[in-house]
Every structure is written in C-alpha cells, then in structure tokens.
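Analysis of the macromolecular model
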Amino acid sequence: MNSILLTTMVGLIAGMLGTGLGGLVTFFWRKPTNRSVSVLLGFAGGIMFSIVIIDLLPEAIENSNLFCAILGMVLGFILLNMSSCYFSHYIKESEYIQTGILLGVGIALHNFPEGLAIGAGYAVTEQLGFGLALVMAFHNFPEGLSMATPMNVGGWSPSKILFSTILPGIPMGVGAFCGAVIGEISPVFLSIILGAAGGAMLYITIFELVPGAYKFNYGLDASFGILAGLSTGILLTIIL
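Below: a short report on this structure. Note that this is a predicted model, so its numbers are computed, not measured.

Turning to its location among the elements, Ser38 is positioned in helix H2 (residues 34-63). Among residues more than four places away in sequence, those in contact with Ser38 are Ala213, Phe216, Tyr218 and Ala222.

As structure tokens, this is what we get:
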C-alpha cells in the first residue's frame, strides 16, 4: 500500500510540476502587443503540432496499431469540438482564455497515459518509475507553456495562470495510481488514449492557435512563431 501511495505522489508531483513550470514563465512576461501575440500563439501552435506528430501519434501506433491510433484521434477531435461549443456558449471569457482552457483539456488527456507508464514502471523497479516521472515532468514543460500563452494574452494574472496550468497535471497522478494497481496496461487502451490526446491537441492547433496567430496583420511574425515552435518542440522531444 505504501508503494502505491508513493507512486501516486511521484506521478502527481511530476505532472503538476511539469505543466506548472510552463505557467511560471508568465511571471516574467510583459503585456503582449498584437505583434507579440501573433508570434506567441504561432509558437504555441508549433510546439503542439510537433508534440502530436513526433511524440503522441507514433507512440499511439507503437502501442497497438494505426487503426486504434486514428480511432483515438477522431474521438479526441470530437471531444474538443464539443468542449469548444460548450465553452463558447457557457464560459464568459475571451477567446484566448477559452483556447487556454481547451489546451488544458488536451494536456490532461495526455497526462493520464503518461501516469500509467510511471505506475507500470514502478511496478517493475523503483528506479525505472522515478526515471520515467522525471522525464515526463520535463517533457510537460512546453505543453504548460503552450497553455499559458493564450491565457496570458487573454489578460489572466500570472498567479491564476500558474494555478490553471498545474491542474492538468493531476491526471498523471491518477494514471500513476492506476498503473501501480493494475500493473499490465492494455496496449489497445493506451493507443486509443494517446490518439485521443493527439486529436485533441491537433484540433486546438488547427482551429484555435494558428488562426489566432494570423488574426492580426503580422503573418510573417506568425509564421516565424510557428517555425520556432516546431523547432523547439522537436529539439525538446529529442533531448527529453
């Protein structure tokens, strides 16, 4: 029982710390201008796209097969479309804040299977589980940063952004608990969940972040932000 509690706490801390670090960056930002908004949203979109293409989808296919990965993507796409419709009708916040919240939903979906991996790793050896948790924490930093960017543009205070970016890390703790209890996780289930996270993030990138980046008359800056985000996401994926 103590080992399961330890695993859950490690997963929880790794998840909350990883995304929270991205929110912490906003304490050092000034109020963005329209030009910097184009760059920042493009940057966030580039990071998200790189995570989907280089990390989530290949991992989803590797765990099971292409069909399960695509099925998960479709489910994630539909889930975020429904969430977007709900937020636009009932959440009385700016479009940037809604984008940030939607990103949080996608990140939370991603963190659950990562938590499962941590729990399953601890079931093998403590060193493997802790090593996975450390990698996941660093790996979640760009996701937290992408979530914090539109919230910062939307005018939320740094402390509110920090709290909001910490919340999507909680499912990693839940996943770590489930992984520790179950031990062996169905590859098909993992594939669908990872695909769903990829589909959710792809939806946000295509319909929220990229259009927001090109909303103002700074198309070249938006394109630069997207390329910079793609490059950063690729480098972080290789390093971490």
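Now that the structure is up, let's keep going.
With that out of the way, let us pick up the pattern of salt bridges. Enumeration according to the criterion identifies 2 salt bridges in this entry. Where Arg35 meets Asp221, a salt bridge forms, and the shortest distance between an N and an O atom there is 3.1 Å. Highlighted residues: Arg35 in helix H2 and Asp221 in helix H10 (residues 219-239), separated in sequence by 186 residues. When its relative accessible area of 46% is taken as the criterion, Arg35 is described as partly exposed. Between Glu95 and Lys215 there is a salt bridge whose closest N-O contact spans 2.4 Å. One end of the pair, Glu95, is in helix H4 (residues 95-124); the other, Lys215, is in the loop between helix H9 (187-213) and H10, with 120 residues separating them in the sequence.

Before going further, it helps to examine the packing of helix H3 (residues 66-90) against H9. Helix-helix packing is characterised by the crossing angle of the two axes and by the distance between the axes. One way to put it is that H3 packs onto H9 with a least axis distance of 6 Å and a crossing angle of 45°. As summarised for this structure, H3 and H9 are arranged oblique, according to the angle between their axes. Both H3 and H9 take part in a crossing whose hand is right-handed. Across the interface between the two elements, Cys68, Ala69, Leu71, Gly72, Met73, Leu75, Gly76, Phe77, Leu80, Asn81 and Ser84 of H3 pack against Val188, Ser191, Ile192, Gly195, Ala196, Gly199, Ala200, Leu202, Tyr203, Ile204, Phe207 and Glu208 of H9. Here the residues of the contact of H3 with H9 are counted per class, giving 15 nonpolar, 7 polar and 1 charged.

Criteria and cut-off values
- Residues numbered from 1 in each chain as written.
- Predicted model: local features only at pLDDT ≥ 70, side-chain atom pairs only at ≥ 80, totals over all residues.
- Heavy atoms only, no water.
- Helix = DSSP H or I, 4+ residues; strand = E, 2+ residues; numbered from the N terminus.
- Contact = heavy atoms within 4.5 Å.
- Salt bridge = Lys/Arg side-chain N within 4 Å of Asp/Glu carboxyl O.
- Buried < 20%, exposed > 50% of the residue type's maximum accessible area, 1.4 Å probe, protein only.
- Axes fitted to C-alpha atoms, helices over the stretch in contact; angles between N-to-C directions.
- Parallel < 35°, antiparallel > 145°, perpendicular 65-115°, else oblique.
- Left-handed = near helix turned anticlockwise from the far one by under 90°.
- Nonpolar A, V, L, I, M, F, W, Y, C, P; charged D, E, K, R; others polar.

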